[in-house]
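# Per-entry structural report
Next come the chains, spelled out residue by residue.
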Amino acid sequence: MRASATRSPISVRVVRPIDQAVSREELERWGEALGATLEPGDLVALHGNLGAGKTTLAQAIARGFGVEAEVTSPTYALAHQYQGRGGILWHLDLYRIGGPRELEQLGWDDMVAGDAVVMIEWPERAEAYLPVPRLDVYLATVPGDTTVRHLKVA
Ligand SMILES: Nc1ncnc2c1ncn2[C@@H]1O[C@H](COP(=O)(O)OP(=O)(O)OP(=O)(O)O)[C@@H](O)[C@H]1O
Ligand SMILES: [Mg+2]
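In this report, we go over the structure that sits alongside the text.

Reading the values: rules and limits
- Residues numbered from 1 in each chain as written.
- Chains lettered and ligands numbered in written order.
- Predicted model: local features only at pLDDT ≥ 70, side-chain atom pairs only at ≥ 80, totals over all residues.
- Buried ≥ 20, exposed ≤ 12 C-beta atoms within 10 Å, placed from the backbone.
- Helix = DSSP H or I, 4+ residues; strand = E, 2+ residues; numbered from the N terminus.
- Pairing = 2+ DSSP bridges.
- Axes fitted to C-alpha atoms, helices over the stretch in contact; angles between N-to-C directions.
- Expected span 1.5 Å × (residues − 1).
- Arc of directions from axis to C-beta.
- Contact = placed C-beta atoms within 7 Å.

### A look at the pairing of strand 1 (residues 18-23)
The buried fraction of strand 1 is low, at zero of six residues. Of the pairings in the sheet, the one linking strand 1 to strand 7 (residues 145-153) comprises six bridges and is antiparallel in character. What sits directly across from aspartate 19, in strand 7, is lysine 152.

See the structure below:
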């Protein structure tokens, strides 16, 4: 069982602050390292504008978590489930959700309360349902350079 009250917040446990422009390769290495440290019940919120690299990062995190299946964008299904070394990994993309009340139909409560690791693109669409503790990762395109992205974890 997840003893959330006794766990360190994920952001404290697994990552040092980062605030810099990164190449795709650097982002993928960072994601794989993060994925290797995730534990049951961890939630990673992937913030960022269209094309910022959220899915690219989610794929790297999944590789680091030991997912061998191909990880594709859950644009239409909204949620994809994978098996990793440490258990179940959910990858959600809430871009197309009609509103936070639709989360219930996705099985949201079980996803976020259980032992699965959860990665969420467009997490702000969950509004007040977005759980804490969580790791907030911020990606952004960089004007004038299409090959790098700004990566920030506070
Ligand atoms: N430094 C970089 N980091 C990540 N992606 C990069 C980088 N440079 C270029 N790219 C490209 O940017 C695109 C990012 O697309 P991706 O689907 O990961 O973004 P997204 O944030 O998930 O978009 P959406 O909001 O549509 O879901 C990919 O085609 C990727 O190859
Ligand atoms: Mg995406």
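The rest of the description comes next.
### Observations concerning the sheet that holds strand 2 (residues 43-48)
Spatially, the seven strands line up as an open sheet ordered 1-7-6-2-5-4-3, and their pairing is mixed. Among the strands making up the open sheet, the edge pair consists of strand 1 and strand 3 (79-84). Averaged over all adjacent pairs, the angle separating strand axes in this sheet is 20°, with direction ignored. Here strand 2 runs beside strand 6 (residues 135-142); their pairing, made up of five bridges, is parallel. Paired with alanine 45 across the bridge in strand 6 is aspartate 136.

### Brief notes about helix 2 (residues 24-37)
Given a rise of 1.5 Å per residue, 14 residues ought to cover 20 Å, and the 20 Å separating the end C-alpha atoms of helix 2 matches this to within 8%. Looking at helix 2, one finds that the buried residues are Trp30, Gly31, Leu34 and Gly35. Burial along helix 2 is one-sided: seen end-on, the buried residues are contained in an arc of 135°. On the buried face of helix 2, the contacting elements are helix 1 (10-14), strand 1, helix 3 (54-64) and strand 7.

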